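# Coordinate analysis (summary)
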Amino acid sequence: MSSSRGIPYFFNTETKQSTWDAPPELSQAEVDALPGAAQHLRGEPRPSQVRASHLLVKHRDSRRPSSWKEANITRTKEEAIEILRGYQAEIGGSKEKFIELATKHSDCSSHANGGDLGVFKPGQMQKAFEDAAFSLPVGQFSDIISTDSGVHIILRTA
Ligand SMILES: N=C(N)NCCC[C@H](NC(=O)[C@@H]1CCC/C1=C\[C@H](COP(=O)(O)O)NC(=O)[C@@H](N)Cc1ccccc1)C(N)=O
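If you check an unreviewed UniProt entry, the chain appears there as Peptidyl-prolyl cis-trans isomerase from Somion occarium. Per its UniProt entry, the chain bears the Catalytic activity (unreviewed entry) comment "[protein]-peptidylproline (omega=180) = [protein]-peptidylproline (omega=0)".

Take a look at the structure:
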């Protein structure tokens, strides 16, 4: 799973080559079942806009290490990832749980709307966030994504 784009890539252990494209040996059903499989693996066009929610955990290297929750955020990036891994385990695919945890813990002002960012188009969000959000099937969660704001889990909602 690419941590910057939150979508799967494929690594050939013999040739040590990595690629975004699914190997021919994988059946379409296997490709579709990949966690957060990018729509390009499913032969779908990139949408012109998406709607997504996120749970953001900031750290001391965040571009703005402050939030509604904590005026001065001093945790390290590794600590932030550990915290987010914990939330990821609690969420376990449940949208209700995601909304509950984003509301309580997200370091983004969108926490007030359960993490909802509304609809956005390419060019609005930071690249890694955009790539992951636009690659997720509707209703799917990303893996942990890192941007200048901190580390995120994204749920594509439309
Ligand atoms: N709807 C938009 N276009 N709002 C501008 C987005 C700017 C954009 N933001 C990001 O890419 C990250 C990923 C998602 C949120 C976010 C960062 C920050 C938190 O991080 P920080 O900036 O302290 O580093 N939250 C925001 O921006 C919030 N206003 C998003 C929002 C909140 C409530 C309702 C709608 C949107 C960027 N290009 O920097």
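Secondary structure assignment for the chain yields four helices and six strands. Helices (α) and strands (β) of the chain occur, in sequence order from the N terminus, as β-β-α-β-α-α-β-α-β-β. When burial is assessed residue by residue, the chain has 42% of its 158 residues classed as buried. Contacts spanning at least 24 positions in sequence make up 57% of the contacts within the chain whose residues lie at least 6 apart.

Structurally, Leu155 can be placed in strand β6 (residues 150-156). Measuring from C-alpha to C-alpha, the distance between Leu155 and Ala52 comes to 5.5 Å, with 103 residues separating the pair along the chain. Contact partners of Leu155, with chain neighbours within four places excluded, come to Arg51, Ala52, Ser53, Lys95, Phe98, Gly139, Gln140 and Phe141.

To continue, consider the UniProt feature "domain: PpiC" (unreviewed entry) in the chain. Per the UniProt record, "domain: PpiC" (unreviewed entry) is found at residues 47-158. Between the first and last C-alpha atoms of residues 47-158 the distance is 10 Å; the span itself is 31% helix and 21% strand.

Membership of the largest hydrophobic core comes to 14 residues, with the highest contact counts inside it found for Leu55, Val57, Leu84, Ile91, Phe98 and Ile153. At the level of secondary structure, the elements contributing two or more residues to this core comprise β3 (50-57), α2 (77-91), α3 (95-105) and β6. Among the elements that line this core, the one with the most residues is α2, at four residues. Among residues more than four places away in sequence, those in contact with Leu55 are Leu84, Tyr87, Ile91, Phe98, Leu101, Ala102, His105, Ser106, Val151, His152 and Ile153.

In this section: the sheet that holds strand β4 (residues 116-120). The strand order across the open sheet built from four strands is β4-β3-β6-β5, with neighbouring strands paired in antiparallel fashion. The sheet is open, and its two borders are formed by β4 and β5 (145-147), each paired with just one other strand. Sheet twist, expressed as the mean angle between neighbouring strand axes with direction ignored, is 40°. In this structure, β5 lies alongside β6, joined through three bridges in antiparallel fashion. The residue bridging Thr147 from the neighbouring strand is Gly150, located in β6. Against the sheet, α2 touches β3, β5 and β6, its axis set at about 25° to β6. Against the sheet, helix α4 (residues 127-135) contacts β3, β4, β5 and β6, and its axis sits at roughly 150° relative to β5.

Another aspect to go through is the side chain of Ser142. Looking at the secondary structure, you find Ser142 in the loop between α4 and β5. Among the residues examined, Ser142 registers a relative accessible area of 4% and is labelled buried. Excluding its chain neighbours within four sequence positions, the residues that come into contact with Ser142 are Gln88, Leu136, His152, Ile153 and Ile154.

Reading the values: the criteria
- Residues numbered from 1 in each chain as written.
- Predicted model: local features only at pLDDT ≥ 70, side-chain atom pairs only at ≥ 80, totals over all residues.
- Heavy atoms only, no water.
- UniProt positions renumbered as here; feature names shortened; annotations may be inferred.
- Helix = DSSP H or I, 4+ residues; strand = E, 2+ residues; numbered from the N terminus.
- Buried < 20%, exposed > 50% of the residue type's maximum accessible area, 1.4 Å probe, protein only.
- Contact = heavy atoms within 4.5 Å.
- Core = buried A, V, L, I, M, F, W, Y, C linked by side-chain atoms within 4.5 Å.
- Pairing = 2+ DSSP bridges.
- Axes fitted to C-alpha atoms, helices over the stretch in contact; angles between N-to-C directions.

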